[in-house]
Amino acid sequence: MKITTRYDTHPADARGYDTETLRDRYLIDGIFQADDIVLTYSHVDRVVAGGAMPVSAPLALVATKEIGSDTFLERRELGLFNVGGAGRVTVDGTVYDLETRDALYVAMGSVDIRFESLDSANPAKFYLVSTPAHARFETMKISAAQAKQRPLGETATGNKRVIYQMIHPDVVRTAQLVMGLTVLENGNMWNSMPCHTHERRCEFYFYFDLPDSARLFHFMGEPTETRHIVVANEQAVISPSWSIHCGVGTHSYSFIWAMGGDNQTFDDMDQVSLASMR
Ligand SMILES: O=C[C@H](O)[C@@H](O)CC(=O)C(=O)O
Ligand SMILES: [Zn+2]
């Protein structure tokens, strides 16, 4: 298991970042490495995000010095989505089989968490997001069919998509974590446009279903100081609470969003008018 630390930034400091510094601070690359768990410990709401890709043998989630407790979930909760082949997650002996796009919420206090692939020729890829928690709720598997679906956008504006709210207060109780999947309809390229901020919560965007030859331009920054990061398939972007988060691809794609912070009120975004953006 590998874990890398990222620190938080003041919006006024981020204005002066060049491309390399922006990528170093906000882009998470190398999420899926065969037979390894690769994590980023962010000081943005202490979110830990990354991937587990078991191929030849099961992988176990263990605590590191960064986590600061005896077990990874002693004072944390975990949300995960399978974006690869059929996979299995075992939580303290209970087995959860996850097809691609199925999600699992793992409760605080769970001790023994193992990831495995059902077919090593088509390995599972588990995208993981963990936030601090101080109360235990129930571990629960959530399939895309169980999600609260929110169709949004239209073809004329290139943003026709369905938001699947999966780890969401209407579906499963959590301490703070909220997660879901957004799928763009083929031929639609814009996500989260018109865009928004929410100072009450940070957000992490993990982009996938993007062909290797395609790229996505993820926009971030204060609404009047926008910057962009060029993103490839299976990369993630850290969005501090002060930043917009939206993007346009050279091909349609999907992404998993995850939020942590003061509330779980999905619809309290501060909408940004296009005319005010710079
Ligand atoms: O605060 C909410 C999050 O940014 C996402 O739910 C937005 C999103 O998936 C979209 O508009 O496509
Ligand atoms: Zn948002």
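Everything in this summary refers to the structure shown in the same document. (Residues numbered from 1 in each chain as written. Chains lettered and ligands numbered in written order. Predicted model: local features only at pLDDT ≥ 70, side-chain atom pairs only at ≥ 80, totals over all residues. Heavy atoms only, no water.)

**Looking at the pairing of strand S22 (residues 246–249)**
Alright, step 1. Side chains Cys 246 and Val 248 project from S22 onto one buried face, and the interleaved Gly 247 and Gly 249 project onto a second face that is buried too.
Alright, step 2. Bridge count for strand S16 (residues 190–191) against S22 is two bridges, and the pairing is antiparallel. The partner of Asn 191 across the bridge, within S22, is Gly 247. (Buried < 20%, exposed > 50% of the residue type's maximum accessible area, 1.4 Å probe, protein only. Helix = DSSP H or I, 4+ residues; strand = E, 2+ residues; numbered from the N terminus. Pairing = 2+ DSSP bridges.)

**Considerations on unusual backbone geometry**
Alright, step 1. At the junction of Met 193 and Pro 194, the peptide bond is cis and its omega measures out at 5 degrees in the coordinates.
Alright, step 2. Positionally, Pro 194 belongs in the loop between S16 and strand S17 (196–197).
Alright, step 3. Unusually for a residue other than glycine, Asp 35 sits at a positive phi of about 60 degrees.
Alright, step 4. One can find Asp 35 in the loop between strand S2 (27–28) and strand S3 (36–42).

**As for the nonpolar core**
Alright, step 1. Core analysis: the largest hydrophobic core is formed by 58 residues, its most contacted members being Tyr 26, Tyr 127, Met 166, Met 179, Phe 204, Phe 206 and Ile 256.
Alright, step 2. Take this core: its biggest share by element is six residues, from strand S18 (residues 201–208).
Alright, step 3. When sequence neighbours within four positions are dropped, the list of residues in contact with Phe 206 reads Ile 31, Phe 32, Val 83, Tyr 127, Glu 234, Gln 235, Ala 236, Ser 254, Phe 255 and Ile 256.
Alright, step 4. Core analysis: the next-biggest nonpolar cluster, separate from the first, contains 24 residues, Phe 72, Leu 98, Phe 126 and Leu 128 among them. (Core = buried A, V, L, I, M, F, W, Y, C linked by side-chain atoms within 4.5 Å. Contact = heavy atoms within 4.5 Å.)

**Brief notes about the sheet that holds strand S19 (residues 216–222)**
Two pairing modes exist for strands in a sheet, parallel and antiparallel, and in both the strands are linked by backbone hydrogen bonds.
Alright, step 1. The antiparallel open sheet is built from four strands, whose spatial order is S16-S22-S19-S20. At either margin of the open sheet sits one strand with a lone partner, and together these are S16 and strand S20 (225–231).
Alright, step 2. Relative to S22, S19 runs antiparallel, the two being bridged by four bridges. Paired with His 218 across the strands is Gly 247, a residue of S22.
Alright, step 3. Together, S19 and S20 form the strand contacts of helix H2 (residues 19–26), whose direction differs from that of S20 by roughly 75 degrees. (Axes fitted to C-alpha atoms, helices over the stretch in contact; angles between N-to-C directions.)

**Thoughts on the packing of aromatic side chains**
Alright, step 1. For the structure on display, the rule yields eleven aromatic pairs.
Alright, step 2. A ring pair is formed by Phe 115 and Phe 126, whose centres lie 5.4 Å apart and whose planes are at 40 degrees; its orientation type is tilted. Highlighted residues: Phe 115 in strand S10 (residues 113–117) and Phe 126 in strand S11 (residues 126–132), separated in sequence by eleven residues.
Alright, step 3. The buried category is assigned to Phe 115, whose relative accessible area is 0%.
Alright, step 4. Centroid distance Trp 257 to Phe 266: 5.2 Å. Interplanar angle 55 degrees. Geometry classified as tilted.
Alright, step 5. Joined through ring pairs, the aromatic side chains of Phe 32, Tyr 127, Phe 206 and Phe 208 make up one cluster. (Phe/Tyr/Trp six-rings, centres within 6.5 Å; stacked < 30°, edge-to-face > 60°.)

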